[in-house]
Amino acid sequence: MSMTDVRTTTAVVVGRVEEIPMGEGRAFVAGGEQIAVFRLRDGSLHATQAACPHAGGPLADGQTDGNVLVCPLHLYAYRWSDGAATGGTTPIRVFPVRDVDGEVVVEV
Ligand code: FES
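Values in this document were obtained by computation on a predicted structure and should not be read as measured data.

A. The arrangement of the pairing of strand S10 (residues 103–107) in detail. Where burial is concerned, the two faces of S10 differ: the one with Val104 and Val106 is buried and the one with Glu103, Val105 and Glu107 is not. Pairing between strand S1 (residues 11–16) and S10: five bridges, direction antiparallel. Residue pairing for S10: Val13 is matched across the bridge by Val105. Two elements, strand S9 (residues 97–100) and S10, share four bridges in a ladder whose sense is antiparallel. Residue Asp99 lies in a different strand from S10, and its bridge partner there is Val104. What sits between S9 and S10 in their antiparallel hairpin is a turn of two residues, with Asp101 showing a positive phi close to 55 degrees.

As structure tokens, this is what we get:
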């Protein structure tokens, strides 16, 4: 077995951009992964794992701003850019996501 971690990603269409109200998130399944996709008020999209690593909180229901996602259960904050917890706890996974002709495409 190779020591090299060769990860390949798959582009998955999870839904339409307009299914996600501005400033909110929605949970989807993509490639067998539970993910949450957010549409920020600036129109940008972000995708993360759906369950908070702290105690399984539903991240799709979290509060958002331009920099972070805040878990609704105990208010841990995670950076969009790399998933790092601003409090230094376990980070979340983030996934590349883009709008392709109104469809939400996530790389998982
Ligand atoms: S479950 Fe998310 S902060 Fe506790």
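B. Molecular detail of the sheet that holds strand S3 (residues 33–39). Pairing in this open sheet of four strands is antiparallel, and the strands run S2-S3-S4-S8 from one edge to the other. Either end of the sheet is taken by a strand with one partner, and the two such strands are strand S2 (24–30) and strand S8 (94–95). Where S3 lies against strand S4 (residues 45–49), five bridges are found, and the strand directions are antiparallel. Of the residues in S4, the one forming a bridge with Ile35 is Gln49.

C. Representation of the environment of Val70 within the structure. Along the polypeptide, Val70 turns up in strand S6 (residues 68–70). Ignoring sequence-local partners within four residues, the contact set of Val70 consists of Gly62, Gln63, Leu75 and Ala77.

D. Here's a closer look at the nonpolar core. Ranked by internal contacts, the top residues of the largest apolar core, which has 23 residues, are Ile35, Ala36, Val37, Ala47, Leu59 and Val106. Looking at this core, the elements with two or more residues in it are S2, S3 and S10. Considering every element that reaches this core, the biggest residue donor is S3, with four residues. Not counting chain neighbours up to four residues away, the residues in contact with Ala36 comprise Gly25, Ala27, Ala47, Thr48, Ala50, Leu59 and Ala60.

Here is what the cut-offs are and how they apply
- Residues numbered from 1 in each chain as written.
- Predicted model: local features only at pLDDT ≥ 70, side-chain atom pairs only at ≥ 80, totals over all residues.
- Buried ≥ 20, exposed ≤ 12 C-beta atoms within 10 Å, placed from the backbone.
- Helix = DSSP H or I, 4+ residues; strand = E, 2+ residues; numbered from the N terminus.
- Pairing = 2+ DSSP bridges.
- Contact = placed C-beta atoms within 7 Å.
- Core = buried A, V, L, I, M, F, W, Y, C linked by C-beta atoms within 7 Å.

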